[in-house]
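# Tertiary structure, described
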Amino acid sequence: MARLLPTSTAGSLPKPSWLAEPEVLWSPWKLEGEGLAEGKRDALRLALHEQRHAGIDIASDGEQSRQHFVTTFIEHLSGVDFNQRETVRIRDRYEASVPSVVGEVSRQKPVFVEDARFLRGQTDQPIKWALPGPMTMVDTLYDGHYKSREKLAWEFAKALNEEARELEAAGVDIIQFDEPAFNVFFDEVNDWGIATLEKAIDGLTCETAVHICYGYGIKANTDWKKTLGSEWRQYEEVFPRLQKSNIDIVSLECQNARVPMELIELIRGKKVMVGAIDVATQEIETPEEVAATLRKALQFVDAENLYPSTNCGMAPLPRHVARGKMQALAAGAAIVRKEVEG
Ligand SMILES: [Zn+2]
C-alpha cells in the first residue's frame, strides 16, 4: 500500500432494506431470480460508494451478495446437507441448528469469483475479499462423516485454497480469512488451526489476512465478553504460533476491548489491522477516539504495518451508523497519519 495507515472495514456492511431485512443475521432475501442477482450487484455498488465516500482506502464488497459469512461458502460445497440439521454449540457459546456433513466435502464450482471480478471492475482502489477460515467453518457444522474436526478442516482448507487462487486471479489484493474460532479453541489453533490456514493460502502471491475477533455485536457475544474478566488475554495463546506463520496481516478487535494492547508485540513483524471501531454499540466514535486507539497500537506495531480497521463486521448495524463509523475511522486515521508523517 502506497499510503500510510490505509483504512478498511473487517468485512460486512448493512444491506439495503430492499434487498434483505436490515439489522439481522441470516436475513432472507427480498428478491429472487435475476432480480436478486441484479439487486446484489446494485447493493455491492452502493457499499463500494459508501466506503469511498467515507474515505476507506481498501474496499470490500461489504458481503452484500452473501447471507452469512460462513454459511454462504459452505452452501456451495458438496458433502453438506442443509436439510439434515443438528443442534450444536457454536464457539462453545450458543446453540444453533446447523447443517450436517454427510459425505466428502469439495468445491464443485467457484463461489465468490464472479462477485470479486465485478468489484474489481468497479474500482481502482486495492480490494480485500473475506472468506471463512477452516476452523470457523468446522465449528459451524455437525460432522457425521469425518468425525474429526481436524480432518474436516484440512478438506475445507483445500476448497478454500482453490477459491483463493481464483480470487487472486480475479484481481483481489488481500484475501482475508475470518477465524473468530481462534479466540476460543487455543489448543486446536496451535495444533492444526494455523496449519490448515497456511494450506488455504498455499501458493498465493497476493496479501493474506486472518481476522480474529470477539464476534458481531449480537447478544450471545456481548454476554460472553462479560464473562472474560477485566483483561482479555485470548490473543496471547495464539499469537506466538501466528507470528511464525506465513500469514501477512492479522486483523484484531481493539476498540473498547479489554485486550491489553501490548499483546500486539507478540506478532511483531506482521501487518496489523487494528480494530478502532466498536461494532457492538451504535454510538459513533469521534475521530479523536479512533486516533487514541491507533496511537496506542503504534507503540507495538511500526507505522508502515498499521492498518486501521473495524473490530468486526457491521452487518447488524443500521446503515447510517455504519456510515458514520466508517467516516470516523477515516478521519481518525487521517489525524494519526499527519502526526506520523510530521
Ligand atoms: Zn469479526
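Attention here is on the structure that accompanies the text.

Criteria and thresholds
- Residues numbered from 1 in each chain as written.
- Predicted model: local features only at pLDDT ≥ 70, side-chain atom pairs only at ≥ 80, totals over all residues.
- Helix = DSSP H or I, 4+ residues; strand = E, 2+ residues; numbered from the N terminus.
- Contact = placed C-beta atoms within 7 Å.
- Core = buried A, V, L, I, M, F, W, Y, C linked by C-beta atoms within 7 Å.
- Buried ≥ 20, exposed ≤ 12 C-beta atoms within 10 Å, placed from the backbone.
- Pairing = 2+ DSSP bridges.
- Right-handed = clockwise from strand over helix to strand, strands pointing away.
- Axes fitted to C-alpha atoms, helices over the stretch in contact; angles between N-to-C directions.
- Expected span 1.5 Å × (residues − 1).
- Left-handed = near helix turned anticlockwise from the far one by under 90°.
- Nonpolar A, V, L, I, M, F, W, Y, C, P; charged D, E, K, R; others polar.
- Parallel < 35°, antiparallel > 145°, perpendicular 65-115°, else oblique.

## Side note on the environment of E285
Note on placement: E285 falls in the loop between β8 (271-275) and α9 (287-297). The residues contacting E285, other than those within four sequence positions of it, are Q255, I277, D278, V290, K325 and A328.

## Re the nonpolar core
Judged by nonpolar contacts, the single largest core of 100 residues is most densely connected at W129, F156, V250, V272, V274 and L294. For this core, the leading source of residues is helix α5 (residues 149-169), giving eight residues. Discounting chain neighbours no more than four positions away, the residues touching V250 are V210, I212, L242, I267, K270 and V272.

## Brief notes about the pairing of strand β6 (residues 207-212)
Counted residue by residue, β6 has six buried out of six residues, so it is predominantly covered. Where strand β5 (residues 174-178) and β6 come together, five bridges link them in parallel fashion. From the neighbouring strand, Q176 faces β6, where its bridge partner is A209. Once the chain exits β5 it traverses helix α6 (residues 186-200) before rejoining the sheet at β6, and the crossover so formed is right-handed. Relative to strand β7 (residues 249-253), β6 runs parallel, the two sharing four bridges. Looking at the pairing, I212 lines up with L252 of β7.

## Considering the sheet that holds strand β9 (residues 306-309)
One open sheet holds the six strands; their spatial order is β3-β5-β6-β7-β8-β9, and the pairing between them is parallel. The strands lining the two open edges of the sheet, one partner per strand, are β3 (128-132) and β9. Pairwise comparison of adjacent strand axes, ignoring direction, gives a mean angle of 25 degrees for this sheet. In this fold α9 packs onto β8 and β9, with an angle of close to 150 degrees to the strand it touches most, β8.

## Regarding helix α1 (residues 33-54)
The end-to-end C-alpha distance of α1 is 32 Å, a good match for the 32 Å that 22 residues give at a rise of 1.5 Å each. Listed as buried for α1 are G39, K40, A43, L44, A47, L48 and Q51. Among the structural elements, α3 (113-122) and α10 (319-341) are those in contact with the buried residues of α1. In the segment just after α1, G55 is the residue with positive phi, at about 95 degrees.

## Brief notes about the pairing of β5
Among the five residues of β5, five are classified as buried, and the element is accordingly described as predominantly covered. The alternating pattern of β5 places I174, Q176 and D178 on one face and I175 and F177 on the opposite face, and all of these are buried. Where β3 meets β5, five bridges bridge the pair, whose relative direction is parallel. Across the sheet, W129 pairs through a bridge with I175, a residue of β5.

## What about the packing of α1 against α10?
As a packed pair, α1 and α10 sit with axes 8 Å apart at the nearest point and diverge in direction by 40 degrees. Crossing handedness for the pair α1 and α10: right-handed. Seen from α1, the contacting residues are E50, Q51 and A54; seen from α10, they are R323, M326, Q327 and A330. The class makeup of the residues in the contact of α1 with α10 is three nonpolar, two polar and two charged.

## Observations concerning the packing of α9 against α10
Any two packed helices are characterised by the angle at which their axes cross and by the distance between the axes. For the pair α9 and α10, interaxial distance at closest approach is 7 Å and the crossing angle is 55 degrees. Overall, the two elements α9 and α10 adopt an arrangement that is oblique. For the pair α9 and α10, the sense of crossing is right-handed. Only A328, L329, A331, G332, A333, I335 and V336 of α10 make contact with α9, whose side of the interface consists of P287, V290, A291, L294 and R295. For the contact of α9 with α10, the class distribution of residues is 10 nonpolar, one polar and one charged.

## A word on the environment of E63
Mapped onto the secondary structure, E63 falls in the loop between α1 and α2 (71-75). As for E63 and R3, which are separated by 60 residues in sequence, their C-alpha atoms are 25 Å apart. Apart from the residues within four sequence positions on either side, E63 is in contact with G11, S12, F69, A130, G313 and A315.

## Some thoughts on the sheet that holds strand β4 (residues 142-143)
Read across the sheet, three strands follow the order β1-β2-β4 without closing on themselves; strand pairing throughout is mixed. Each end of this open sheet is capped by a strand with a single partner; those strands are β1 (77-90) and β4. In the sheet, strand β2 (residues 94-107) pairs with β4 via two bridges, with the strands oriented parallel. By the bridge assignment, V101 is partnered in β4 with D143. The sheet strands contacting α5 are β1, β2 and β4, and the helix crosses β2 at an angle near 70 degrees.

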